[in-house]
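A structural walkthrough
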Amino acid sequence: MAVSFCGKRLLLTRSSLLAANPRRHGYIVLVPEIGEDLPERNPLTKSENGLPEFNSVTIERCVGTIGQQAFGVEKGLKELEAKLGAGAGEGVDVIRDVLVPLELTGAPLETTWGVAKTLYLGNSSKMPTKSYMTIHERARNARRGKFVSVPIYEALKGADVEKLGQEEKRLVSKYLLESKLNGIEVDERSKQELREVLEKLSQERTKFHGKREVAVKKFSHVIKDPALMGEFPSGVLQALAVDQSQVVKGPWKITLQPFVVQNFLEYCPDRTQRWNLWQADTRKCSNHTDKALENSTHLEVIRGLRKRQAKLLGYESFAHMSMETKMVESIDYLRGTLSELLQYARPALDNELASLEGFANANGFKGKLDIYDVPYWRRRQLTDVHHFDKEALREYFPMPKVQQGLFNLAESLFDIKIVERTSGVDTWHEDVKFYDIFDAKHGTEPLAGFYTDLYSREEEKISVAGNSGWMVGIVNKSVVAQEKPLAALICNFPAPLYGKPSLLSLDDVQILFHKFGHALQHLLTETHYSELAGLSNVEWDAVEVSGHVLTHLLQDPDVIRSISSHYGTEQPLPEECILAIQKRHTHLAGYSLCRELYHSNLDLELHLTSDYWLDIVKKLYPLFHPFPLDKKDAHPCSMTPIFSGDWGAAYYSRLWSRLVAADVYSAFAEAKSKGDALPEAGRRFRSTFLASGGGCHPAEVFRQFRGRDPSPKALLQLLGIYKPIHGTGAASGVGAAPKKEE
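Here we summarise the structure given alongside this text. (Residues numbered from 1 in each chain as written. Predicted model: local features only at pLDDT ≥ 70, side-chain atom pairs only at ≥ 80, totals over all residues. Heavy atoms only, no water.)

Moving on to the overall build of the protein. On a plain count of helices and strands, the protein comes out with 26 helices and seven strands. Pairs at least 24 apart in sequence give 76% of the contacts found in the protein among residues at least 6 apart. Carbon and sulfur atoms make up 51% of the accessible area of the protein, which amounts to about 31,300 Å² in all. (Helix = DSSP H or I, 4+ residues; strand = E, 2+ residues; numbered from the N terminus. Contact = heavy atoms within 4.5 Å. Areas by Shrake-Rupley, 256 points an atom, 1.4 Å probe, with all protein chains shown as cover.)

Encoded structure:
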């Protein structure tokens, strides 16, 4: 799973401040942390027009400024602690004496950190990885201090929260929870053990990730036969070509990079070649390959350390600890919902694969399909039967048309006006544009602003295969610090070439809509505190909701028409193409949902029980797959998001966000079916999800929008697999769906 720069939340699975000697991971500090004296007007924070002067930013200035500001945050924290300590026993005004000082102290650091992130992703020549990581670590360490401060914790814990407003209650709750997860309530003896557990956990996660990286790079297979590559798109051929001057003739190098594996299984017509790559991919880091690269041991150690971490912090399991930062809140409710989805997904999967196998047999395939055959024949069926041509569709999605259509849609739905500012804006590249957002009904002052940097630049921009974009929150809204939201959309879409505009694939269009949904939540927030603004403090399993809502809008034919036309003739997208796009959303939807449900349940069980990982796999795999489990399949041993990343016991979050977003989108669809104006649902969405940010629990935000709790039915209907089931219980071993408590 790609790194996200959407929010600045403290992740409970990251190394804690309790670690006695936090490691620098080998990154170089280029200048002293405090840095040289800087001019009164700092180009990293604000220029005369209120925007950063990106052209004046240097690595030295960024590192020096972060050093100064981090030092300022730490000094301010000590002064606040001393003041709170001196006033012990006296009445503390939580807002005036704690929340406001913390807000004012941290605001400059957050802005400089946001500028550094933007440059890191948008122009790596201005902000190389080592330099950015120096800034990132320094800023993060300074920011953490307030979450392990005993005086602050005691002041907030003793506050009379009933006298506070909703945002202040939410903010106090955030501080108390973050402090608890950082071990502030643990006694001194246990605190030492917790330090040791977290240090060992960090080491094991690093080993797990490192071995997986080596295993991925170790495997390679060169294909010299052009006949095997005839169905591959030109862009994929270019990525695989050993010699860039021989893209069509080859040879091509096949590796275990996820982007390569996915595309090879989808486009390679040779079943033996597909099997060869699939078995190498599923067996990497196992005992069946290179013993020096096995991750089974590290996986079990990580599980044990996480269990011990949770116990020391007072939780039954690591999964129960994880629920503290989630919208779902209850493991029983989550398992029940996943079980309900499976009741519909599994029958749909069986029907889909029967149809797919019939199609494959009619086109020369003999025998039974296996799991490594599905991607290839899935693409063939979608193309041949449903006439979905991924590459041909690009000609109808030129970037200027898509972007303007997206902006028009947002303006119509959310009562805003998006206006490009063409002068007085300092950017990091000539491709970068800046836009102000205004409220359409009142006010001439902009509510917020954002940059767009949409095209790939091979020598300058960070590029991760399979991840074409980021939304960077540069400045969080803060009424206290008088800061307006500022963001950047940084993508790697094809650049315009020889007078032809950038032509987007449907996947590119979805990414643009998704990232813009994130941006709108950052930009249209109405909270007063930066710690609650936009995506900050939003529960992990709800962070993606706004992005998915905008992506779901692409299921509306009118929306598709509004963002498409042929780049050369400006002819509208043919109706049969719109039908093909709609079919793509539901094609093998049961199969895809079952795979997501499997990984979500596997992750939960691995963090709820102490059973050996392979025994858990053997128990769960048949519930979600019609294919037998390969005896040497060791896929958990390379699941880096779960075991070296931050998504342990949280892997279900993306699916949950989709479920919530589908129910939100259903309100738009219902309004349209009744002949009501879509903008009414849009305005309601703006006043709830986009406005509330992290200032209100997402379950309550959803109730404000929909008047009830979210239902799995909307997602199932959107996927085309909802059919009433009579007399069927929950799938064995997964759990029955309880009624959620009000």
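What follows picks up the thread again.
Time to look at the packing of aromatic side chains. Considering all chains together, one arrives at 29 aromatic pairs under this definition. Ring geometry for F407 against Y435: centres 5.1 Å apart, planes inclined by 75°, an arrangement best described as edge-to-face. With F407 in helix α15 (residues 399–414) and Y435 in strand β4 (residues 433–439), the pair connects residues that are 28 residues apart, well separated along the chain. Put simply, the rings of F414, F668, F685, F689 and F705 touch in pairs and so form one group of aromatic residues. The aromatic ring of W113 is capped on one face by K117, whose charged end is 4.5 Å from the ring centroid. (Phe/Tyr/Trp six-rings, centres within 6.5 Å; stacked < 30°, edge-to-face > 60°. Lys NZ or Arg CZ within 6 Å of the ring centre and 35° of its normal.)

Turning to the nonpolar core, a few remarks are in order. Counting residues in each nonpolar core, the largest one holds 168 residues, and the members touching the most others are F397, F513, F516 and F668. Here this core takes 14 residues from helix α12 (residues 331–362), the largest share from any one element. The residues contacting F668, other than those within four sequence positions of it, are L413, V549, L553, L678, A681, G682, F685 and F705. Counting 34 residues, the second-largest nonpolar core is a separate cluster that includes L51, I59, A116 and L486. (Core = buried A, V, L, I, M, F, W, Y, C linked by side-chain atoms within 4.5 Å. Buried < 20%, exposed > 50% of the residue type's maximum accessible area, 1.4 Å probe, protein only.)

We now examine empty space enclosed by the protein. Evaluation of the coordinates by the stated rule reveals eight cavities of 30 Å³ or more. The space that makes up the largest cavity amounts to roughly 110 Å³. Residue lining of the largest cavity: 15 residues in total, with E103, E110, K146, S530 and E531 positioned closest to the centre. The set of elements that each furnish at least two residues to the lining of the largest cavity consists of α2 (94–122) and α5 (166–181). If one sorts the elements of the lining of the largest cavity by residue count, α2 sits on top with six residues. In terms of residue class, the lining of the largest cavity is made up of five nonpolar, four polar and six charged. (1 Å grid on protein atoms, 1.4 Å probe; cavity = no way out; pocket = protein on both sides within 12 Å on 5 of 7 lines; lining within 4 Å. Points joined across faces, edges and corners; volume = space filled by probe spheres on them. Nonpolar A, V, L, I, M, F, W, Y, C, P; charged D, E, K, R; others polar.)

Looking now at the packing of helix α1 (residues 59–86) against helix α3 (residues 129–144). Angle between the axes and distance between the axes: these two values describe a pair of packed helices. Between α1 and α3, whose axes approach to 9 Å, the crossing angle comes to 10°. Considering the angle they form, α1 stands roughly parallel to α3. Along its contact with α1, which presents I59, C62, V63, I66, G67, A70, F71, V73 and E74, the element α3 presents S131, T134, I135, R138, A139 and A142. The class makeup of the residues in the contact of α1 with α3 is 10 nonpolar, three polar and two charged. (Axes fitted to C-alpha atoms, helices over the stretch in contact; angles between N-to-C directions. Parallel < 35°, antiparallel > 145°, perpendicular 65-115°, else oblique.)

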